[in-house]
Amino acid sequence: MRNLGLIIVFVLAAGMSTAIFPLVYWLPKALACRTNADPTAFLTYCNSDDYGDYEHGAFYWNLEPEATKALRSARILFLGNSRLQFGFSTEATRHYFQEKNMPYYLAGFTYFENMVFIGRLIDQYDLNPDVIVINADGTFFSEQLLSTPAAMFIAKQNSLYWRTLYGYLLKAAFTRIVRPICETFPFACSQKLQTLWRRRETGDWLWQGTFAELNRSIPIDPATRPPTPDEETMREFEKAADSFLRTLRIRRQCIILTAVPNSVLTDEPIADRLGERFQLPVIVPHLDALATLDESHLNAESAERWSEAFLRAAAPMLDRCLRK
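Residues numbered from 1 in each chain as written. Predicted model: local features only at pLDDT ≥ 70, side-chain atom pairs only at ≥ 80, totals over all residues. Heavy atoms only, no water.

### Structural notes on the overall build of the chain
For step 1, the next point in the chain: When helices and strands are tallied, the chain shows 11 helices and 10 strands.
For step 2, the next point in the chain: Judged by the C-alpha coordinates and their principal axes, the chain covers about 75 × 40 × 40 Å.
For step 3, the next point in the chain: Burial analysis of the chain (324 residues in total) assigns 53% to the buried set.
For step 4, the next point in the chain: Residue pairs at least 24 apart in sequence account for 80% of intrachain contacts in the chain once pairs closer than 6 positions are excluded. (Helix = DSSP H or I, 4+ residues; strand = E, 2+ residues; numbered from the N terminus. Buried < 20%, exposed > 50% of the residue type's maximum accessible area, 1.4 Å probe, protein only. Contact = heavy atoms within 4.5 Å.)

### Looking at the packing of helix α9 (residues 231-245) against helix α10 (residues 268-278)
For step 1, the next point in the chain: Their axes nearest at 10 Å, the elements α9 and α10 cross at an angle of 55°. Our classification of the angle between α9 and α10 gives oblique. Like other packed secondary-structure pairs, α9 and α10 cross with a definite hand, here right-handed. For the pair formed by α9 and α10, the contact residues are E231, M234, R235, F237, E238, A241, D242 and L245 on the first element and P269, I270, R273, L274, R277 and F278 on the second. (Axes fitted to C-alpha atoms, helices over the stretch in contact; angles between N-to-C directions. Parallel < 35°, antiparallel > 145°, perpendicular 65-115°, else oblique. Left-handed = near helix turned anticlockwise from the far one by under 90°.)

### Things to note about the side chain of S296
For step 1, the next point in the chain: Mapping S296 onto the fold places it in the loop between β10 (291-292) and α11 (300-322).
For step 2, the next point in the chain: Side chain to side chain, S296 and R83 meet in a polar contact 2.7 Å long.
For step 3, the next point in the chain: When near neighbours in sequence (up to four residues on either side) are disregarded, S296 contacts R83, P261, N262 and V264. (Polar contact = N/O pair within 3.5 Å; in protein donor to acceptor, adjacent residues only side chain to side chain.)

### Concerning a negative patch on the surface
For step 1, the next point in the chain: A cluster of acidic residues, E143, D230, E232 and E236, forms a negative patch on the protein surface.
For step 2, the next point in the chain: Along the chain, E236 falls in helix α9.
For step 3, the next point in the chain: Look at E236 and you get partly exposed, because its relative accessible area is 44%. (Patch = residues over 30% accessible without salt bridge, like charges linked within 9 Å, V, L, I, M, F, W, Y side chains within 5 Å. Areas by Shrake-Rupley, 256 points an atom, 1.4 Å probe, with all protein chains shown as cover. Salt bridge = Lys/Arg side-chain N within 4 Å of Asp/Glu carboxyl O. Lys, Arg positive; Asp, Glu negative; His and termini not counted. Charge placed at Lys NZ, Arg CZ, Asp CG, Glu CD.)

### Here we look at the sheet that holds strand β6 (residues 195-199)
For step 1, the next point in the chain: Here we have 4 strands laid out as an open sheet, ordered β2-β1-β6-β7, and antiparallel in their pairing. The sheet is open, and its two edges are formed by β2 (52-53) and β7 (205-206), each paired on a single side. (Pairing = 2+ DSSP bridges.)

### Looking at the state of the cysteines
For step 1, the next point in the chain: Counted according to the given criterion, the structure contains 3 disulfides.
For step 2, the next point in the chain: Disulfide partner of C182: C189, at an S-S distance of 2.1 Å. As the torsion about the S-S bond is roughly -95°, the C182-C189 disulfide counts as left-handed.
For step 3, the next point in the chain: Take C182: its relative accessible area is 10%, and that puts it in the buried class.
For step 4, the next point in the chain: Indicated for the chain is the disulfide connectivity 1-2, 3-4, 5-6, based on numbering the bonded cysteines in sequence order. (Disulfide = S-S within 2.5 Å.)

### Some thoughts on the packing of aromatic side chains
For step 1, the next point in the chain: Tallied over the entire structure, the rule returns 26 aromatic pairs.
For step 2, the next point in the chain: Centre to centre, the rings of F88 and F310 are 5.2 Å apart; their planes meet at 80°, and the pair counts as edge-to-face. Placement of the pair is F88 in helix α4 (residues 82-88) and F310 in helix α11, with a sequence separation of 222 residues.
For step 3, the next point in the chain: Cation over ring: K171 sits above Y51, and NZ or CZ is 5.3 Å from the ring centre. (Phe/Tyr/Trp six-rings, centres within 6.5 Å; stacked < 30°, edge-to-face > 60°. Lys NZ or Arg CZ within 6 Å of the ring centre and 35° of its normal.)

Distances and angles like these do not, on their own, reveal function.
Right, dumping it as structure tokens:
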């Protein structure tokens, strides 16, 4: 009996050490992530190998119940990657849907996320909105592409899966304590790492001052984009789109394709091709003097103008689809 008691004590001590050591090692590094004062937002990404992504696991494992509840109740879903998030995380978007009293959710993700992971969320939470807006770029419609964060837990590979889950649980705790820690002990928080914060209610990103400065502006240059995808690539997009669209319980006229402007990808021909092939509406406003933060993501001023133009053009379709 005495030996059994010693074994139990040893196992418990080893378990506690295994659980606590990563926190002690990891927490000081994570305190370098920049904070945001909005109490409705959670830290979704920190540009560090020690933190990186949180939003994928937050939704996959329902670690942010308020956010997943808002996702499930949204009547308008925006799907895509970070270009969609920067393009529609605007006051123009918030004001448009607040005026109509319509719940919406920006369900774009970092790491070039696409239909594979988003399709998992649609199945997992039985999402059935009235309208879906898809940023139809060269990464969204792919049956093979899987982002690094999603690959770590979707595959459920033994120890990797559980280590990943534990890491996301640490991040879930951290996003709730980082503000009070940094307010109480500001010397402990260097605030040197870029971060993205996500509002739980609408999914839009808060990035100004934490990820990039508000006044950063690189004019969009169409000459830097690669050529239009070739016929074989377009057919691959069509095949993937057909597979994804078959899973959606929504009228085709209420699935809107777009292509958020940037200087690195030629996306509009993809949206036009898929729109024609599947009889989907395509809305891509063409505005002068648009600029990005980094050649890939619209800056604040351009995103405001572009999202407002998109919603103005989409208004008749949105009204018809939301009338039910």
